[in-house]
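# Survey of secondary and tertiary structure
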Amino acid sequence: MFDKMAKQLEVQTLGKGKKNFYITEKEYEDFIKGFLFEEIKGNTKLGETFCKKFGETNHVLSILSNKAATEHIRKFYVR
């Protein structure tokens, strides 16, 4: 698992590898609104919820704090 996380971090931060999944600002806003309901249900990991909703495999994102995950999603996924 650590190897996968290290590889994902390398791809995300160093720009190596191919990543072509993006969401719009509207999709991001809708996701954040929906996440508020997930928090009420007890699902409190924003990154993990993002990965599940959009079918994205990102081991790094799934373990980040909500604040860090928000910044990560905005930087790498919102276009």
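Cut-offs and rules
Residues numbered from 1 in each chain as written. Predicted model: local features only at pLDDT ≥ 70, side-chain atom pairs only at ≥ 80, totals over all residues. Heavy atoms only, no water. Salt bridge = Lys/Arg side-chain N within 4 Å of Asp/Glu carboxyl O. Helix = DSSP H or I, 4+ residues; strand = E, 2+ residues; numbered from the N terminus. Buried < 20%, exposed > 50% of the residue type's maximum accessible area, 1.4 Å probe, protein only. Contact = heavy atoms within 4.5 Å. Axes fitted to C-alpha atoms, helices over the stretch in contact; angles between N-to-C directions. Parallel < 35°, antiparallel > 145°, perpendicular 65-115°, else oblique. Core = buried A, V, L, I, M, F, W, Y, C linked by side-chain atoms within 4.5 Å. pLDDT = per-residue confidence, 0-100.

With that settled, consider the pattern of salt bridges. If you walk through the whole model with that rule in mind, you get five salt bridges. Note that Lys26 and Asp30 form a salt bridge whose closest N and O atoms lie 3.0 Å from each other. A residue pair is termed a helical-turn pair when its members lie 3 or 4 positions apart in one helix, as Lys26 and Asp30 do in helix α2 (residues 25-40) at four residues. Since its relative accessible area comes to 53%, Lys26 is described here as exposed. A salt bridge links Lys41 to Glu38, with the nearest nitrogen and oxygen atoms 3.2 Å apart.

So, about the side chain of Thr49. Here Thr49 lies in helix α3 (residues 46-54). Ignoring anything within four residues of it in the chain, the contact list for Thr49 reads Phe31, Phe35, Glu38 and Asn43.

Time to look at the packing of α3 against helix α5 (residues 66-76). Direction vectors running N to C along α3 and α5 enclose 45°, while the axes themselves pass 8 Å from each other. Considering the angle they form, α3 stands oblique to α5. For the pair α3 and α5, contact is made by Leu46, Gly47 and Phe50 and by Asn66, Ala69, Thr70 and Ile73, respectively.

Our next topic: the nonpolar core. Within the largest apolar cluster, 13 residues are counted, with the highest numbers of intra-cluster contacts made by Leu46, Phe50, Leu61, Ile73 and Tyr77. In this view, Ile73 contacts Tyr28, Leu46, Phe50, Leu61 and Val78; residues no more than four positions away in its chain are not counted.

Bringing the confidence of the model for the chain into the picture now. Confidence in the prediction of the chain, expressed as mean pLDDT, is 85, and 78% of residues score 70 or more. Averaged pLDDT values for the elements of the chain fall to 65 in helix α1 (residues 2-14) and rise to 95 in α5. Throughout residues 14-18 the model reports pLDDT below 50, and contacts reaching past four residues in sequence, or to other chains, amount to four contacts.

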